[in-house]
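# Per-entry structural report
Below, each chain spelled out in residue letters.
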Amino acid sequence: MTQATRRHVFGPVPSRRLGRSLGVDLVPFKTCTYDCVYCQLGRTTNHTLERRAYVSLDEVLREVAEVLQAGAAPDFVTLSGSGEPTLFEPLGELIRGIKALTDVPVAVLTNGSLLWLPEVREGLADADLVVPSLDAGDDALFRMVNRPHRDMCFADMVAGLEQFCRAHTGRVWLEVFLLADLTAREGQVRQIADIARRLDPERIQLNTVARPPAEAWARAASPAELQAAAALLGPRCEVVADYTAQTVGGDAAAGEEAVLDLLRRRPCRTEDVASGLGLHRNEVVKYLEHLLRADTIATETVGDETYYKAARAPQPAGE
Ligand code: SF4
């Protein structure tokens, strides 16, 4: 089965935090409990708290098995994707199924919004690494930045995080995504730090906007702001937002070159690149992010759409 015919599994793609990550997408595009202003996938189209088997558990397990049998050697099998993975109801069954197939550790990148539900905490119990998010220190900023489903409240979300972090026997890294002029302010960071102390995660990872966000007014915190926030969050905190380009190798380098080749021919939206090259949208997102950091491509906004195009090569002097 090729990437073009796989529906739920993509990569392995290079991940700054997880090395070579085999991505598993468990919900349809932008099915999420949040509608974050910084979301790199655009605005949420299915804003929901409904947990169900959005995709076939057997099909996902079959795709994971096929990729692993074909020789992929990821550092993590990562449940993340185009929305919130804990909305996938048979999450625990899936994690146990993957662990029956491979010794590769399973990571779950979650916005943490549903951890107040016992069944979600149980579903995550066998994950080797869970990376929940905490992007705000109070209800007002939570609503402004994460734009949660109307039936959600900040206190429940934080209580769920606390219960989960206390009980989980695997590793927990907390991701904090900061925005300039909003959550990167000292007062907000101190409030986030107070909550983070209670959660006591193994690591705290600070991130910020690296590619066009859902709302153009969501701006990246500067490296200096991130460093100041890291100092307030304590010794376990690291800045994972990367303002520099890293090198990718192997299949990823070939995938990135194919994306660049397409953009040299015509400007494209993320979905145009995905359908044009038969790649999963999340894999394309990774390549675009990396190419943007390297200044190899640039963006242009037309109406509500973001187009990517190859950056002009510098002209020799005198031309
Ligand atoms: S939680 Fe993740 S997928 Fe959902 S809107 Fe926020 S950034 Fe996007």
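This one's a predicted model, so the numbers in the text were calculated from it and none came from an experiment.

Thresholds applied
Residues numbered from 1 in each chain as written. Predicted model: local features only at pLDDT ≥ 70, side-chain atom pairs only at ≥ 80, totals over all residues. Heavy atoms only, no water. Pairing = 2+ DSSP bridges. Helix = DSSP H or I, 4+ residues; strand = E, 2+ residues; numbered from the N terminus. Axes fitted to C-alpha atoms, helices over the stretch in contact; angles between N-to-C directions. Contact = heavy atoms within 4.5 Å. Buried < 20%, exposed > 50% of the residue type's maximum accessible area, 1.4 Å probe, protein only. Arc of directions from axis to C-beta. Polar contact = N/O pair within 3.5 Å; in protein donor to acceptor, adjacent residues only side chain to side chain. Core = buried A, V, L, I, M, F, W, Y, C linked by side-chain atoms within 4.5 Å. pLDDT = per-residue confidence, 0-100.

## Here's the deal with the sheet that holds strand 2 (residues 19-25)
The strand order across the open sheet formed by 8 strands is 1-2-5-6-7-8-9-10, and the pairing between neighbours is mixed. A single partner strand is all that each edge strand has here, and the edge strands are strand 1 (9-15) and strand 10 (237-239). Averaged over all pairs of adjacent strands, the angle between strand axes in this sheet comes to 25°, irrespective of strand direction. Summarising the sheet, strand 9 (residues 203-207) and strand 10 pair through 3 bridges and their orientation is parallel. When the bridges of strand 10 are listed, Q205 appears paired with E238. Packing of helix 7 (residues 223-233) onto the sheet brings it into contact with strand 9 and strand 10, and relative to strand 9 it is tilted by some 160°.

## Here's the deal with the pairing of strand 12 (residues 305-310)
Note: strand 11 (residues 297-302) against strand 12, 6 bridges, orientation antiparallel. In the sheet register, T299 faces strand 12, and the bridge partner there is Y308. Counting the residues in the hairpin turn of strand 11 and strand 12 gives 2 residues, including G303, whose phi is positive at 60°.

## Focus on helix 4 (residues 139-146)
Listed in full, the buried residues belonging to helix 4 are L141, F142, V145 and N146. Along the axis of helix 4, the buried positions cluster into a sector of 105°, meaning they face one direction only. Where helix 4 is buried, its residues contact helix 5 (154-167) and helix 6 (186-199). Where helix 4 begins, one side-chain oxygen reaches toward the backbone nitrogen of A140, 3.2 Å away; that side chain belongs to D138.

## A closer look at the nonpolar core
For soluble globular proteins, nonpolar side chains are generally found buried alongside one another. Ranked by size, the top nonpolar core spans 77 residues in total, and within it L79, L94, L178, L179 and L233 carry the most contacts. Excluding its chain neighbours within four sequence positions, the residues that come into contact with L179 are V37, Y38, V145, A184, V209, A218 and R219. With 15 residues, the next largest nonpolar core counts A274, Y287, L288 and L292 among its residues.

## Examining the confidence of the model for the protein
Detailed conclusions should not be drawn from predicted coordinates in areas where pLDDT is low. Summary statistics for the protein give a mean pLDDT of 90 and a share of 92% for residues scoring 70 or more. Every residue in residues 314-319 scores below 50 in pLDDT, and together they form 0 contacts with partners more than four places removed in sequence or on other chains.

## Topic: the environment of F88
Tracing the backbone shows F88 in the loop between strand 5 (76-80) and helix 2 (91-101). Its relative accessible area of 0% is what places F88 among the buried residues. Separated by 18 residues in sequence, F88 and A70 place their C-alpha atoms 26 Å apart. Once you skip the residues sitting within four places of it in the chain, F88 turns out to touch L26, V27, R51, R52, A53, Y54, V55, L57 and L94.

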